[in-house]
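The primary structure of each chain is shown beneath.
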Amino acid sequence: MRRGWKMALSGGLRCCRRVLSWVPVLVIVLVVLWSYYAYVFELCLVTVLSPAEKVIYLIFYHAIFVFFTWTYWKSIFTLPQQPNQKFHLSYTDKERYENEERPEVQKQMLVDMAKKLPVYTRTGSGAVRFCDRCHLIKPDRCHHCSVCAMCVLKMDHHCPWVNNCIGFSNYKFFLQFLAYSVLYCLYIATTVFSYFIKYWRGELPSVRSKFHVLFLLFVACMFFVSLVILFGYHCWLVSRNKTTLEAFCTPVFTSGPEKNGFNLGFIKNIQQVFGDNKKFWLIPIGSSPGDGHSFPMRSMNESQNPLLANEEPWEDNEDDNRDYPEGSSSLAVETET
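Per chain, residue numbering runs from 1 following the sequence as it is written. In keeping with the predicted nature of the model, local features appear solely for residues at pLDDT of at least 70, side-chain atom pairs appear and are counted solely at 80 or more, and the whole-chain, interface and lining totals rest on all residues. Note that the side-chain values use all heavy atoms of the structure and ignore hydrogens as well as water.

A. Structural view of the overall build of the protein. In this description a helix means any DSSP run of H or I spanning at least four residues, a strand means any run of E spanning at least two, and both kinds are numbered starting from the N terminus. When helices and strands are counted, the protein shows ten helices and nine strands. Here, two residues are considered to be in contact whenever any of their heavy atoms come within 4.5 Å of each other. Long-range contacts, defined here as pairs at least 24 residues apart, represent 66% of the contacts in the protein between residues at least 6 apart. Calculation of accessible area relied on Shrake-Rupley with a 1.4 Å probe; when residues are assessed, cover is drawn exclusively from the protein chains displayed. Split by element, the accessible area of the protein, about 18100 Å² in all, is 64% carbon and sulfur.

As structure tokens, this is what we get:
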């Protein structure tokens, strides 16, 4: 009886958590819907008097709005990609691993299994990166997300504003969403500013539209400042071919810690996210190369480009086995096992 109550309570808490996780997304959606109403109706259709200015404002606004909402949708509903079956322990291997009581023997079992897989990163202690929750050997750059309760390929962070884990499958869409968000706020702020001044000076009648226009400029500027900082940070990460987790915790390879282990050079780093075909860079369709399980590494390119070897090495990494607290979209949320 008591066990049944505990299970019911646990299920209820999980359900509440899933519902509450959509609150940040709902807030963003409501703000965007209000901004659409305020800009299209209160500014363009009521406040702006010139027909030509109305048309120009509306055309450019809707072009940006379409890409803004499209990339936001893709960031939310593109599911995180998980490691394929060959990285999971077989039933026999799992049974052997769990029944083995000696830690050193368990580590050696994982080393033997990892020899068959394209994995080159290790924990801070040099052990094979193994997730005892998903029962798999983690591919390079893969981490366990405590919020999504799964291992995510090339995990960057868990973002509450899209209620999704950002990783290999949707990092391009997330970057595009940030870019179009910045452009959306900038466009609204620049086109609203002149009417804000007119309302402020009393050159326009004090009607209901005044409050929408004034508040629209304030909200656009507020979001622009926060978004441009976040977008700039992720642009820096892309230029170095890093994830947010790798920026906070240096990856460890079989040869030791290497902060620039995946840095292939500026252009190739960008191509690792957006692909080789530049015509797809601005469109939210999947174009990232590879399957998310393995990635070209700096050490494999040094023989072709000796200049890469001249950069300074980074500091040693701390142990890979740690829990990361849940945070904002600019912070990593994951649980290493």
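Back to the write-up after that little detour.
B. Region of the structure containing a nonpolar patch on the surface. Patches were defined on residues exceeding 30% relative accessible area and lacking a salt bridge, with like-charge contacts within 9 Å and nonpolar side-chain contacts (Val, Leu, Ile, Met, Phe, Trp, Tyr) within 5 Å. We count a salt bridge whenever a side-chain nitrogen from Lys or Arg sits within 4 Å of a carboxyl oxygen from Asp or Glu. Where nonpolar side chains cluster on the molecular surface, the patch consists of Leu20, Val23, Val27 and Trp161 and spans about 360 Å² of accessible area. With respect to the secondary-structure elements, leucine 20 resides in helix α1 (residues 2-20).

C. Main features of the environment of lysine 198. Following the sequence through the fold, lysine 198 ends up in helix α6 (residues 171-201). On a C-alpha basis, the gap between lysine 198 and lysine 210 in space is 9.8 Å, while along the polypeptide they are twelve residues apart.

D. Main features of the UniProt feature "transmembrane region" (unreviewed entry) in the protein. The feature "transmembrane region" (unreviewed entry), as annotated in UniProt, sits at residues 20-39, 55-73, 177-199 and 211-233 in this numbering. Between the end C-alpha atoms of residues 20-39 the distance is 30 Å, and the span holds 90% helix and 0% strand. The span residues 211-233 carries 100% helix and 0% strand; its end-to-end C-alpha distance comes to 34 Å. UniProt positions are given in the numbering used here, feature names are shortened, and annotations may be inferred rather than shown by experiment.

E. Fine view of the sheet that holds strand β8 (residues 252-253). In this description, strands pair whenever DSSP reports at least two bridges between them. Sheet architecture is open: three strands sit in the order β1-β8-β9, paired in antiparallel fashion. Because the sheet does not close on itself, it has two edges, and the strands there are β1 (121-122) and β9 (256-257). As defined by bridge partners, β1 adjoins β8 across two bridges and the pair is classed as antiparallel. Among the inter-strand pairings, arginine 122 is bridged to a residue of β8, identified as valine 252.

F. View of the packing of helix α3 (residues 51-77) against α6. Each axis is a line fitted through C-alpha atoms, and for a helix only the stretch in contact is used; angles between axes span 0 to 180 degrees, taken between their N-to-C directions. Contact geometry of α3 with α6 gives a least axis separation of 8 Å together with a crossing angle of 155 degrees. As summarised for this structure, α3 and α6 are arranged roughly antiparallel, according to the angle between their axes. Two packed elements cross with a definite hand, and for α3 against α6 that hand is left-handed. For this scheme, ten residues count as nonpolar: Ala, Val, Leu, Ile, Met, Phe, Trp, Tyr, Cys and Pro. Four count as charged, namely Asp, Glu, Lys and Arg, and the remainder, Gly too, count as polar. Within the contact of α3 with α6, the residues separate by chemical class into 18 nonpolar, five polar and two charged. Each angle gets one of four labels, with under 35 degrees taken as roughly parallel, over 145 as roughly antiparallel, 65 to 115 as roughly perpendicular, and the rest as oblique. In a left-handed crossing the near helix is turned counterclockwise from the far helix by less than a right angle, and in a right-handed crossing that turn is clockwise.

G. Seen up close, the packing of aromatic side chains. Note on aromatic contacts: the rings of Phe and Tyr and the six-membered ring of Trp form a pair at centre separations within 6.5 Å, being stacked when their planes are under 30 degrees apart, edge-to-face when over 60 apart, and tilted otherwise. Scanning the entire structure with this criterion turns up 25 aromatic pairs. Relative to phenylalanine 77, the ring of tryptophan 73 has its centre 4.3 Å away and its plane inclined at 45 degrees; by these criteria the two rings are tilted. With tryptophan 73 and phenylalanine 77 both in helix α3, this residue pair falls four residues apart, about one helical turn. Here tryptophan 73 falls in the exposed class, since its relative accessible area comes to 54%. Residue exposure (1.4 Å probe, protein chains only): buried if accessible area is under 20% of the type maximum, exposed if over 50%, otherwise partly exposed. We classify phenylalanine 77 as partly exposed; its relative accessible area is 44%. A ring pair is formed by phenylalanine 262 and phenylalanine 295, whose centres lie 6.5 Å apart and whose planes are at 80 degrees; its orientation type is edge-to-face. With phenylalanine 262 in the loop between β9 and α9 (266-274) and phenylalanine 295 in the loop between α9 and α10 (298-301), this residue pair connects regions lying 33 residues apart in the sequence.

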